[in-house]
Amino acid sequence: MGDRTKRRRLNSDTSPIPDIIVDKNSWNGFCEIESEPAFFNVMLREFGVEGVKTVDNACASVALLNIVNNIDDITLGDTLASFKEFTMPFTPALRGDAIANFDFIKKIHNSFARSMDILNSDLSLKDEAVASKSSRQNDNSASNEAAFHFIAFVPALGRVWKFDGLERQPQDLAPCTDGDWLEQVRSHLLEKMTAYAEDQIEFSVLSVVRDPLKDYTEQLARNVKCLQNIRQHLNETQLGDIKAVLGADDFDGVTLKSDPALGLTDECLMAVEPSETEKSISDNDLPQEYVRLVSNQQGIRLSIEEEKESRRSEEASAEVRRHDCASAVEFWARALASKGVVKELLG
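Residues numbered from 1 in each chain as written. Predicted model: local features only at pLDDT ≥ 70, side-chain atom pairs only at ≥ 80, totals over all residues. Heavy atoms only, no water.

1. Quick look at the nonpolar core
Inclusion rule: Take the buried residues of types Ala, Val, Leu, Ile, Met, Phe, Trp, Tyr and Cys, join any two whose side-chain atoms come within 4.5 Å, and each joined set is a nonpolar core. Burial classes: relative accessible area under 20% of the type maximum marks a residue as buried, over 50% as exposed, and values in between as partly exposed (1.4 Å probe, protein chains only). Working definition: helices are DSSP H or I runs of at least four residues, strands are E runs of at least two. Numbering for both runs from the N terminus. Between two residues, a contact is recorded if the distance between any of their heavy atoms is within 4.5 Å.
Of all hydrophobic cores here, the largest spans 22 residues; its most connected members are Phe47, Val49, Val68 and Leu80. Of all the elements in the fold, those that place two or more residues in this core are helix H2 (37-47), helix H3 (61-68), helix H4 (78-87), helix H5 (92-100) and helix H6 (103-110). The element that contributes the greatest number of residues to this core is H2, accounting for seven residues. Every residue in contact with Leu80, bar those within four places of it in the chain, is listed here: Phe47, Val49, Leu65, Val68, Phe102 and Ile105. Counting residues in hydrophobic clusters, the runner-up holds 13 residues, among them Ile242, Leu246, Tyr290 and Val294.

Structural data, given as structure tokens:
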């Protein structure tokens, strides 16, 4: 009887502790997320985007979409590609509304939000609405400014474009080439930073670059293809000499075919075309070239493993960030309240 009484008191809803558990999947908003590269790399992969990574400091979902949707020859994934095609005839304003109602993006974005983030966001919107009704809203006040604001600069169609969510449409800044577009952006960045220097507002720079893992995989494919071709022209004596030079472990451990663990597929190997340099290697130089390629492969494989480890670390960081401790906090807060501890702490 005593245990049931304790449980009943522990689960009592009469304690002065508000509910703090929020269903992120049904919440109709976007939470602010801190500028952390690992989180946004995970988001890009879950969006279905392949071949790019964010480096240095990262950006918010809309800025990411503004960038990847304007990069040629990029794999967006089926869902994002369909969304891009569907919204292509839209105006910038309508496209922004479409993003705001795009559950696929919203769920991935808000998966990093905690219950308190959502409650704070709702409270902020409520305060703004109340202030607006009472005509006390100040558009320039710091309280109405987001903690993070993201602007994307993108080279497209021979021009540099600025994508700023506070502006009605993308801004055409200047003509550019692939080699000088960053110089065109530099002056705009410095101007923006200088304007807020006295307010001690911190800035971070976004960079979306080609995924190094893709480059490493292509390098490995070319390396393996060359080794395959050379090995076809080596006799047993030459192979024995090579094994003596490399050592049994390195000789036997070389990759000579597709390897899923390294991301190397048969399709990657078939796509490799021999270069003119490879075609010009004489038969006498084949053993030496084979040894060189084996040595190079070790470095490539190490780079692939390091990059894959970086991805595992990003996934782990994202998993920790996505874990919401609100349920545990609420449980123990109610438990303490039921024991009268909260009242004692509050005096």
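That covers the picture; the talk isn't over yet.
2. Looking at unusual backbone geometry
Residue Leu157 is not a glycine yet carries a positive backbone phi of 60 degrees. Given a relative accessible area of 82%, Leu157 falls into the exposed group.

3. Brief notes about the sheet that holds strand E3 (residues 159-164)
Put simply, the rule is: When DSSP finds two or more bridges between two strands, those strands count as paired. Every axis in this analysis is a line fitted to C-alpha atoms, fitted for helices over the stretch in contact. Angles between the N-to-C directions lie between 0 and 180 degrees.
Spatially, E2-E3-E4 is the arrangement adopted by the three strands of the open sheet, whose pairing is antiparallel. Looking at the sheet topology across the chains shown, the edges are occupied by strand E2 (151-156) and strand E4 (171-175). Sheet twist, expressed as the average angle between the axes of neighbouring strands with direction ignored, equals 25 degrees. Sheet contacts for helix H8 (residues 181-195): E2, E3 and E4; angle to E2, the most-contacted strand, approximately 160 degrees.

4. A word on the pattern of salt bridges
As a reminder of what qualifies: Each reported salt bridge corresponds to a side-chain nitrogen of Lys or Arg within 4 Å of a carboxyl oxygen of Asp or Glu.
Within the structure shown, the criterion is met by ten salt bridges. The residue Lys162 makes a salt bridge to Glu167 at a minimum N-O spacing of 3.1 Å. With relative accessibility at 28%, the residue Glu167 sits in the partly exposed group. Salt-bridge contacts for Asp211 lead to Arg311; the nearest nitrogen and oxygen are separated by 2.2 Å. Here the residue Asp211 occupies a position in the loop between strand E5 (206-210) and helix H9 (212-231), and Arg311 occupies one in helix H14 (residues 286-322), the gap between them amounting to 100 residues. A relative accessible area of 4% places Asp211 in the buried class.

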